[in-house]
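Breakdown of the fold
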Amino acid sequence: MSLTIESDGKGSRELYEEQINISYQYKLFMKRPERKLRNQYRRITIDLAAALVFLLFGIIEGFVYGFETVFVLLIVVCIISIGIYGRLLYTMKKALRKAFEDNRKVVVCIDEEGIKYHKEDGMDLNLKWSQVAFARVFSKVLTFFSDDNIVISVNRTHEKEIMDYIRENGIKVRVIGEPGFVSVSAGEQ
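Because the structure is a prediction, the values reported are computed rather than measured. (Residues numbered from 1 in each chain as written. Predicted model: local features only at pLDDT ≥ 70, side-chain atom pairs only at ≥ 80, totals over all residues. Heavy atoms only, no water.)

Within this model, the largest pocket holds a volume of roughly 1,000 Å³. In this structure, the largest pocket is lined by 33 residues; those nearest its centre are Tyr-16, Gln-19, Tyr-117, Lys-119 and Ser-153. Among the secondary structure elements, those contributing two or more residues to the lining of the largest pocket are β1 (3-7), α1 (13-24), α4 (69-101), β2 (106-110), β3 (114-119) and β7 (151-155). Residue contributions to the lining of the largest pocket peak at 7 residues, all from α1. Residues that form the lining of the largest pocket fall into these classes: 18 nonpolar, 8 polar and 7 charged. (1 Å grid on protein atoms, 1.4 Å probe; cavity = no way out; pocket = protein on both sides within 12 Å on 5 of 7 lines; lining within 4 Å. Points joined across faces, edges and corners; volume = space filled by probe spheres on them. Helix = DSSP H or I, 4+ residues; strand = E, 2+ residues; numbered from the N terminus. Nonpolar A, V, L, I, M, F, W, Y, C, P; charged D, E, K, R; others polar.)

So this is what it looks like as structure tokens:
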């Protein structure tokens, strides 16, 4: 017996942003699974704005007091920071745009062996339960993390049926809920 979840491939902006934020923070979650999901879009935008302000400050101060070493150094650091943050923001927005444009159907099959992810005309992922480091419930998605850099997310609207299936079949996987939620082994109870 298996649980099959089909999706039309269309999701909300918030759902896709959350999935992208999760994938960008994969290594941090692997080190500390309970950590809070940070909004990388907001953080990068704020850092980019701060770098622009400091660049402007450095240029103005350079013209007023002369371009001393400290102002030149500030300008160079700001330009490098703007390049890095600009590229990160561009990459994240490109990933979001691609997610919106990709309307292929997705089928996630969960069984006693593991999780199978199939995207119509494309990607196939198979993740055995022994490869799943933990599952984590976020505000929009339930995500399975593996030690092999694989992340499979399912819309949280399916959380109850997935958790019921895991419990009923005695599958041993660590499940972490939203902040304040106590970590449990879904296979026990």
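Together, Ile-59, Phe-63, Phe-67, Val-72, Val-76, Ile-80 and Ile-84 make up a nonpolar patch on the protein surface, roughly 650 Å² of accessible area in all. Among the elements of the structure, α3 (40-65) and α4 are those that each provide at least two residues to the nonpolar patch. When residues of the nonpolar patch are assigned to their parent elements, the largest contribution, 4 residues, is made by α4. With respect to the element layout, Ile-84 can be found in helix α4. You can call Ile-84 partly exposed: its relative accessible area is 48%. (Patch = residues over 30% accessible without salt bridge, like charges linked within 9 Å, V, L, I, M, F, W, Y side chains within 5 Å. Areas by Shrake-Rupley, 256 points an atom, 1.4 Å probe, with all protein chains shown as cover. Salt bridge = Lys/Arg side-chain N within 4 Å of Asp/Glu carboxyl O. Buried < 20%, exposed > 50% of the residue type's maximum accessible area, 1.4 Å probe, protein only.)

In globular proteins that are soluble, nonpolar side chains generally tend to be buried together. The biggest cluster of nonpolar side chains holds 24 residues, and the ones touching the most others in it are Ile-110, Ile-115, Trp-129, Phe-144, Ile-162 and Ile-166. Elements represented by at least two residues in this core include exactly β1, β2, β3, β5 (132-137), β6 (141-146), β7 and α5 (159-168). Top element by residues in this core is α5. It accounts for 4 residues. Once residues lying within four places of it in the same chain are set aside, the contact partners of Trp-129 are Ile-110, Asp-111, Glu-112, Glu-113, Gly-114, Ile-115, Phe-144, Ile-166, Ile-171 and Val-173. Within the second largest apolar cluster, 19 residues are counted, among which are Leu-15, Leu-37, Leu-89 and Leu-96. (Core = buried A, V, L, I, M, F, W, Y, C linked by side-chain atoms within 4.5 Å. Contact = heavy atoms within 4.5 Å.)

This part is about the pattern of salt bridges. In the structure shown here, the tally under the stated rule is 9 salt bridges. With its nearest N and O atoms 2.9 Å apart, the salt bridge here joins Lys-116 to Asp-111. Several salt bridges share partner residues, and in doing so they unite Asp-102, Arg-104 and Lys-119 into one network.

No statement about biological role is implied by the geometric values presented.
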